[in-house]
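Residues per chain are reported as follows:
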Amino acid sequence: MSKKRFQNQVVVVTGASSGIGRAAALAFAREGATTVLLSRSREKLEKVAEEIGAFSEGVFVAPADVSSKQEVDAAIANVLAKFGRIDVLFNNAGKSEVGPTDAPWFIEGVQEMFDVDFLGTVRVTQAVLPAMRRQRAGRILNMSSVVGRKAFARFGGYSSIMHAIVGYTDALRQELKGTGIEVSIIHPALTQTPLLASVRPEDMPPPFRRLSPIPAGQVAEAALKGLSKNRPRIVVPWQPKLLMLAQAISPRLGDLVVTLLQTRMFSWVFRTFRGRTYQHSSS
Ligand SMILES: NC(=O)c1ccc[n+]([C@@H]2O[C@H](COP(=O)([O-])OP(=O)(O)OC[C@H]3O[C@@H](n4cnc5c(N)ncnc54)[C@H](OP(=O)(O)O)[C@@H]3O)[C@@H](O)[C@H]2O)c1
């Protein structure tokens, strides 16, 4: 039997109570990891721990709000007191606000996302780094999104935060060069999770109305594969790479691909629409 990819490694997953984080926690556990589940709701985390407990003993619940430095520091201190090390950190906790950039709530929404998605990633990383530095080993994976490389209309706030995470991760990766700590970023496309259920259909960017969301398990598998191969950037599925390439050449070319995404022909050729939109499922 082949060796499990994360055997005996201590893996912290933030936002593990739901969606992509839950799927990733289950996948790490299946690959032999001792999985630490971090998010605000102890109750939801206990449910995921129960699922993992059905096939693994290595699971630990560490409730914390990533917008509180005090809670994050205390949760990570507990993990280190119990296990003595942290091998992998997946910064995945996040929320999203959708709507135009001149919406009355825009500034407040961006401030909230900045505090949770961006500074949450920074707080947990800063709490974990001293231990990883002592170990002279570790892997950090930060959650961004396809919109962290190419914004969509109505996703201006969320896209800005996802771009900010890309900038932070790029700097962090270079600062940690030679320390034994690897840093990666993941850019998933629209993914079928409870996050989508909170978005009103009329607020969604038009291209999203013709996109089939990918399953959370597919993002989790891409994360594990990318981490085990030490890939600095993970894009899942492959199709958004075309959009990112177009945007890197010229914003107008990027805009053109966004427009094409809404057409039947494009979505059929590139298999971005499989007869099901985000409205048809939310978990
Ligand atoms: N779904 C998509 O289409 C998509 C695409 C690309 C990237 N992403 C990113 O993927 C990540 C996970 O999203 P998802 O779709 O899986 O959403 P989800 O199902 O709503 O999960 C979000 C997770 O974040 C946790 N969380 C939220 N605020 C928190 C806080 N202040 N402190 C600690 N934990 C917090 C939630 O747990 P509690 O409520 O228990 O705190 C939950 O576990 C997000 O960063 C999102 O931006 C999502």
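Anything mentioned here points back to the structure above.
What counts as what
Residues numbered from 1 in each chain as written. Predicted model: local features only at pLDDT ≥ 70, side-chain atom pairs only at ≥ 80, totals over all residues. Helix = DSSP H or I, 4+ residues; strand = E, 2+ residues; numbered from the N terminus. Rg over C-alpha atoms; globule rule 2.2 N^0.38 Å. Buried ≥ 20, exposed ≤ 12 C-beta atoms within 10 Å, placed from the backbone. Core = buried A, V, L, I, M, F, W, Y, C linked by C-beta atoms within 7 Å. Contact = placed C-beta atoms within 7 Å. Pairing = 2+ DSSP bridges. Right-handed = clockwise from strand over helix to strand, strands pointing away. Near = placed C-beta within 6 Å. Nonpolar A, V, L, I, M, F, W, Y, C, P; charged D, E, K, R; others polar. Expected span 1.5 Å × (residues − 1). Arc of directions from axis to C-beta. Axes fitted to C-alpha atoms, helices over the stretch in contact; angles between N-to-C directions. Parallel < 35°, antiparallel > 145°, perpendicular 65-115°, else oblique. Left-handed = near helix turned anticlockwise from the far one by under 90°.

J.: In this structure, what is going on with the overall build of the protein? I would like to understand it.
T.: Of the regular secondary structure elements, the protein holds ten helices and nine strands. On C-alpha atoms alone, the protein measures out to a radius of gyration of 18 Å, which is about the 19 Å that the 2.2 N^0.38 rule sets for 283 residues. In the protein, which comprises 283 residues, the proportion classed as buried is 46%.

J.: Whenever I open this one, the nonpolar core confuses me. Can you help?
T.: One broad trend across soluble globular proteins is that nonpolar side chains are buried collectively. Residues Val13, Leu37 and Ala223 are the most contacted members of the largest nonpolar core, which totals 80 residues. Considering every element that reaches this core, the biggest residue donor is helix 4 (residues 106-135), with nine residues. Beyond its immediate sequence surroundings of up to four residues, Leu37 is in contact with Val13, Ala16, Ser17, Ala25, Leu45, Val48, Ala49, Val59, Val61 and Ala62.

J.: Looking at this structure, I do not really get the pairing of strand 4 (residues 88-91). What am I missing?
T.: On a regular strand, each side chain points to the face opposite its neighbour's, so the side chains alternate between the two faces of the sheet. Side chains Val88 and Phe90 project from strand 4 onto one buried face, and the interleaved Leu89 and Asn91 project onto a second face that is buried too. Examined bridge by bridge, strand 1 (residues 10-14) and strand 4 share three bridges and lie parallel to one another. The partner of Val11 across the bridge, within strand 4, is Val88. Pairing analysis gives four bridges linking strand 4 to strand 5 (residues 138-143), with the strands arranged parallel. The residue bridging Asn91 from the neighbouring strand is Asn142, located in strand 5. In terms of handedness, the path from strand 4 via helix 4 over to strand 5 forms a crossover that is right-handed.

J.: Is there a simple way to explain the site of the ligand in this structure?
T.: Taken together, 32 residues sit near the ligand, with Gly15, Gly19, Arg40, Gly94 and Thr193 positioned nearest. Looking at the shell around the ligand, the elements that each hand over two or more residues are helix 1 (19-30), helix 4 and helix 6 (194-197). In the shell around the ligand, the residues fall into eleven nonpolar, 16 polar and five charged.

J.: Sorry if this is basic, but what is going on with unusual backbone geometry here?
T.: With the exception of glycine, most residues fall at negative phi, and the peptide bonds are largely trans. Residue Pro237 is reached from Val236 by a cis peptide bond, and omega for that bond is -5°. For Pro237, the location among the structural elements is in the loop between strand 9 (233-236) and helix 8 (240-249). Unlike most non-glycine residues, Arg136 shows phi in positive territory, near 55°. Along the chain, the position of Arg136 falls in the loop between helix 4 and strand 5. What makes Arg136 exposed here is the crowd of 10 C-beta atoms within 10 Å. The residue Arg154 is not glycine, and still its phi comes out positive at about 80°. Within the secondary structure, Arg154 sits in the loop between strand 5 and helix 5 (156-175). Classification of Arg154 by C-beta neighbours within 10 Å gives buried; the count is 20.

J.: Looking at this structure, how should I read helix 2 (residues 42-53)?
T.: For the α-helix, the turn length of 3.6 residues means that residues three or four positions removed from each other point alike. With twelve residues, helix 2 extends 16 Å between its outermost C-alpha atoms, agreeing within 8% with the 16 Å of an ideal straight helix rising 1.5 Å per residue. If you check which residues of helix 2 are buried, you get Leu45, Val48, Ala49 and Ile52. End-on, the buried residues of helix 2 take up no more than an arc of 105°, which puts them together on one face. For helix 2, the exposed residues lying more than 90 degrees away from the buried face are Glu43 and Glu50. Of the surrounding secondary structure, the elements contacted by the buried residues of helix 2 are helix 1, strand 2 (34-38) and strand 3 (59-61).

J.: For this particular structure, what's the right way to read the pairing of strand 6 (residues 181-188)?
T.: For strand 6, the buried fraction is high: seven of the eight residues fall into the buried class. For strand 5 and strand 6, the ladder comprises six bridges, and the chain directions are parallel. Across the sheet, the residue bridging to Arg139 is Glu182, located in strand 6. For the handedness criterion, the β-α-β arrangement of strand 5, helix 5 and strand 6 is classed as right-handed. Relative to strand 9, strand 6 is paired through four bridges, and the arrangement is parallel. Each residue of the ladder has a partner; that of His187, found in strand 9, is Val235.

J.: Any chance you could explain the packing of helix 4 against helix 5 here in plain terms?
T.: Pairs of packed helices are described in terms of their axes, by the angle between the two and the distance that separates them. Running from amino to carboxyl end, helix 4 crosses helix 5 at an angle of 25°, the nearest separation of the two axes being 9 Å. Of the possible angle classes, the one that applies to helix 4 and helix 5 is roughly parallel. Judged by the sense of rotation from one axis to the other, the crossing of helix 4 with helix 5 is right-handed. Of helix 5, the residues touching helix 4 (which contributes Phe106, Gly109, Val110, Met113, Phe114, Asp117, Phe118, Thr121 and Val122) are Gly157, Tyr158, Ser160, Ile161, Ala164, Ile165 and Tyr168. Of the residues in the contact of helix 4 with helix 5, the class split is eleven nonpolar, four polar and one charged.

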